[in-house]
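Structural characterization, general
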Amino acid sequence: MFKHAIVRRVAKTFQEGLTSSNLGKPDYNKTVIQHSDYIGALKRCGLNIIEIEADERFPDSTFVEDTAVVNKNLAIITTLGASSRKGEELEVKEVLERFYDHIEFIKNPGTLEGGDILKVDNQYYIGLSKRTNKEGAKQFTEIVKKYDYSCLTVQLVNLFHLKTGLAYIGDNNLITSVEFIDNPMFKDFNIIEVDKDENYAANCIRVNSYILIAKGFQKLKNSILKLGYKILEIDISEFRKMDGGLSCLSIRF
């Protein structure tokens, strides 16, 4: 069960951040409203919200997930793969120091972002992407091995981050986009396939008793409901314009 979530307010410079979406510039006021709704959903899931103030120097910093990977007994501060984002992790580290006795670090030349890390019980999957390199994955593997976790790496082809197209929602259920459907690494899971026209919705998150999914993707919603889960739909269309999804907007622990 998650008890806490770290979020970071949206910077007024948000639309100046990194993106490859070609969906246009986000509207700042609408983004703030959607972020507030997201926080409200986390509260409904029973989480205590720890909110970090916006920092106009870092347009992408509301995507706080990338700065750290946490579990019940360990926090790992990452080295972000985009040079414009280096420094976002400092305030997150200060927050995590209040909760964790064990904090480790990914060090240069390793890069690793939280969006490329998927935890399934005691197993981590590490996406090798433009933001997470082999050295970062190697360091991460060595760190978590000391705490009895194992790792497997997944080479990404088209996806931005691993969790852009992969979500574990518990009970051996894995939501997968097209890129992972035939990957033998995931053959032992119950696969919930996301249709190509709903690929964006693959980035969903299990938060205690609920599955949070992006609003407007009815086919995936129906597939999850058939499994007996409760769903909270959230409109995050402005974050999608900046390559962001539901998992990106919080660190849950």
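Bear in mind the structure is a predicted one, so any value in this text is a computation, not a measurement.

1. Details of the pairing of strand S10 (residues 173–176)
The two faces of S10 match: Asn 173 and Ile 175 on one face and Leu 174 and Thr 176 on the other face are all buried. Counting the residues that bridge the hairpin from strand S9 (residues 166–168) to S10 gives four residues, and of these Gly 170 lies at a positive phi of roughly 90 degrees. Note that S10 and strand S11 (residues 190–193) share four bridges and pair parallel. Opposite Leu 174, over in S11, you have Ile 191 as the bridge partner.

2. Looking at the packing of aromatic side chains
Using the criterion set out here, one finds 13 aromatic pairs in the structure. Ring geometry for Tyr 125 and Phe 186: centres 5.3 Å apart, planes at 50 degrees, overall tilted. In this pair, Tyr 125 sits in strand S7 (residues 123–128) while Phe 186 sits in the loop between S10 and S11, placing the two residues 61 residues apart along the sequence. Owing to a relative accessible area of 6%, Tyr 125 belongs among the buried residues under this scheme. Looking at Phe 186, the relative accessible area reads 1%, which means it is buried. For the ring pair Tyr 125 and Phe 189, a centre distance of 6.5 Å and an interplane angle of 65 degrees mean the geometry is edge-to-face. On the criterion of sequence distance, the pair formed by Tyr 125 in strand S7 and Phe 189 in the loop between S10 and S11 is long-range, its members being 64 residues apart. In this structure Phe 189 comes out as buried when scored by relative accessible area, which is 12%. Ring pairs connect the aromatic residues Tyr 125, Tyr 168, Phe 180, Phe 186 and Phe 189, which therefore count as one cluster.

3. A few points about helix H4 (residues 218–226)
For H4, every residue scored as buried is listed here: Leu 220, Lys 221 and Ile 224. Take H4 and look down its axis: the buried residues cluster within an arc of 105 degrees, on one side only. Along its buried surface, H4 packs onto S10, S11, strand S13 (210–214) and strand S14 (230–234). Of the residues one or two after H4, Gly 228 is the one with positive phi, at around 95 degrees.

Definitions and cut-offs
- Residues numbered from 1 in each chain as written.
- Predicted model: local features only at pLDDT ≥ 70, side-chain atom pairs only at ≥ 80, totals over all residues.
- Heavy atoms only, no water.
- Buried < 20%, exposed > 50% of the residue type's maximum accessible area, 1.4 Å probe, protein only.
- Helix = DSSP H or I, 4+ residues; strand = E, 2+ residues; numbered from the N terminus.
- Pairing = 2+ DSSP bridges.
- Phe/Tyr/Trp six-rings, centres within 6.5 Å; stacked < 30°, edge-to-face > 60°.
- Arc of directions from axis to C-beta.
- Contact = heavy atoms within 4.5 Å.

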